Amino acid sequence: MAAIDIRAVQKSFGTIAVLHAVDLSIATGEFVVLVGPSGCGKSTLLRMIAGLDEVTSGDILIGGRRVNDLDPKDRNIAMVFQSYALYPHMTVAGNMSYSLRLRKFAKEKIDAAVSSATDLLGLRPLVDRRPKALSGGQRQRVAMGRAIVREPQAFLWDEPLSNLDARLREQMRAEIKKLHQRLGATSIYVTHDQIEAMTLADRIVAMDGGHIQQIGSPLDLYERPANLFVAGFIGSPAMNFFEGRYRRAGDAAFLDLDAGASISVPARPVADGFDLTIGIRPEHVLVGEAARPGAPVCPVELVEPTGVGAILHVRFGEAPLKAFHLGRTALRSGESVAVSLPPEKLLLFDTKTGRRLDD
Ligand code: ADP
Ligand code: MG
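Residues numbered from 1 in each chain as written. Chains lettered and ligands numbered in written order. Predicted model: local features only at pLDDT ≥ 70, side-chain atom pairs only at ≥ 80, totals over all residues. Heavy atoms only, no water.

This paragraph deals with the environment of W157. Note on placement: W157 falls in strand β7 (residues 154-158). Judged by relative accessible area, W157 falls into the buried class, the value being 4%. Between the C-alpha atom of W157 and that of I188, which follows or precedes it by 31 residues, the distance is 6.2 Å. Look past the residues within four positions of W157 in its chain and what remains in contact with it is F31, L46, V80, M144, I176, L179, S187, I188, Y189 and V190. (Helix = DSSP H or I, 4+ residues; strand = E, 2+ residues; numbered from the N terminus. Buried < 20%, exposed > 50% of the residue type's maximum accessible area, 1.4 Å probe, protein only. Contact = heavy atoms within 4.5 Å.)

Written out as structure tokens, the structure is:
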């Protein structure tokens, strides 16, 4: 196991810069998830750590040692890909032992490593099968086994669950987390799926446009997003946003929403008339009996039951608003419901820079 340090790493393909001065330190045994939309540079960063791509500038250190010029095979890192990349003509055991055979490990050592990984991943009944006789989840488990037998300094995962259906993804996600709890291996996991990031990570690195937007624990990012990108990317259903303005009136302060409402809030160190984007998570919107006295009554446009609750699409003044209502609701589209946005749950962002204002 080893720590990984990424120092001012930049990457350009020709004249196009795809990663801009990335700095990131990953502690030994930590599980870090890189999350962001497709094309933001996640795989490129992972491939440079593995040695499959060269950095344009900056340094990568594994276990304190600069590895910029080391071949992938000398970095002692295992990578698991979305496409399992198994050898079709080899059995499960053959696939898992291949890299050790290549490195001329003793047969007893290979057998012991494969046997232990086989048990860890519940692959015992499948050892003699070839990949085409396995389901997607089983194939991905073999790919994981192939990584585990090498006892690498770190695991790199590039969207390993993206080819699986939703049910299996959920199951494999939990298996990966359990595996990490048992092995405690330094891991960097790339995904575009914010739920995977939230559920798996010790720390999340949110990326957009080749820049790190925020690094923090899952709940840090959820509760204290650094900017509009992170606020909008993390969470499902997504955070609601309203454009508006800060207004001081004596000791009182208000958020005047372009959508039509005005919300009384505690005074903030913000200039009168300052352009704000106001965010609120759907589960923080209060509806019906939970709404505060005098709350505006809003038309319900759509009700999406999820089982745990329902997502209500309402029209709040001029603006669309999603509210998550826990439990059963008798509301139907076409009806109306009282809606309040509790001031203590509002997040305020500088509309121009996108940055969240301090509480
Ligand atoms: P992600 O994994 O976050 O979806 P990638 O790291 O694969 O994103 O890609 C980041 C950007 O770099 C994209 O715009 C992609 O088109 C570009 N890119 C990736 N690999 C190459 C390459 N070999 N040559 C040119 N551009 C590339
Ligand atoms: Mg990718």
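That shown, we press on.
Attention now moves to the domain arrangement of the chain. The domain boundaries assigned to the chain delineate domain 1 (4-233) and domain 2 (240-350). Placing a centre on the C-alpha atoms of domain 1 and another on those of domain 2 gives a separation of 39 Å. Around 620 Å² of area is buried between domain 1 and domain 2 when both sides are counted, 63% of it from carbon and sulfur atoms. Our count for the contact surface shared by domain 1 and domain 2 stands at zero salt bridges. (Domains from an automatic or database assignment. Buried area = accessible area lost by both parts, 1.4 Å probe. Salt bridge = Lys/Arg side-chain N within 4 Å of Asp/Glu carboxyl O.)

So, on to the sheet that holds strand β20 (residues 347-350). The five strands are arranged β13-β12-β11-β14-β20 in an open sheet whose pairing can be described as antiparallel. Strand pairing shows two members of the sheet lacking a second neighbour, β13 (262-265) and β20, which therefore form its edges. Neighbour-to-neighbour, the strand axes of this sheet turn through a mean angle of 40 degrees, independent of strand direction. Pairing of strand β14 (residues 275-280) with β20 involves four bridges; the strand directions are antiparallel. Paired with I278 across the two strands is L348, which belongs to β20. (Pairing = 2+ DSSP bridges. Axes fitted to C-alpha atoms, helices over the stretch in contact; angles between N-to-C directions.)

Turning our attention to the nonpolar core. Counting 44 residues, the largest nonpolar core has V33, M96, W157, I176 and Y189 as the members making the most contacts within it. At five residues, helix α4 (residues 136-148) tops the list of elements feeding residues into this core. Core analysis: the second largest hydrophobic core is formed by 30 residues, I263, A319, L331 and L341 among them. (Core = buried A, V, L, I, M, F, W, Y, C linked by side-chain atoms within 4.5 Å.)

Next up on the list: the site of ligand 1. Within the structure, ligand 1 sits among F13, V18, P37, S38, G39, C40, G41, K42, S43 and T44. Take C40: an N or O atom from its main chain is 3.2 Å from an oxygen atom of ligand 1. G41 has a polar backbone atom sitting 3.0 Å from an oxygen atom of ligand 1. A total of 560 Å² of accessible area belongs to ligand 1 in isolation, and the protein chains cover 54% of it. Top contributing element to the shell around ligand 1 by residue count: helix α1 (residues 42-50), with three residues. Taken together, the residues of the shell around ligand 1 break down into four nonpolar, five polar and one charged. (Near = heavy atom within 4 Å. Polar contact = N/O pair within 3.5 Å; in protein donor to acceptor, adjacent residues only side chain to side chain. Areas by Shrake-Rupley, 256 points an atom, 1.4 Å probe, with all protein chains shown as cover. Nonpolar A, V, L, I, M, F, W, Y, C, P; charged D, E, K, R; others polar.)

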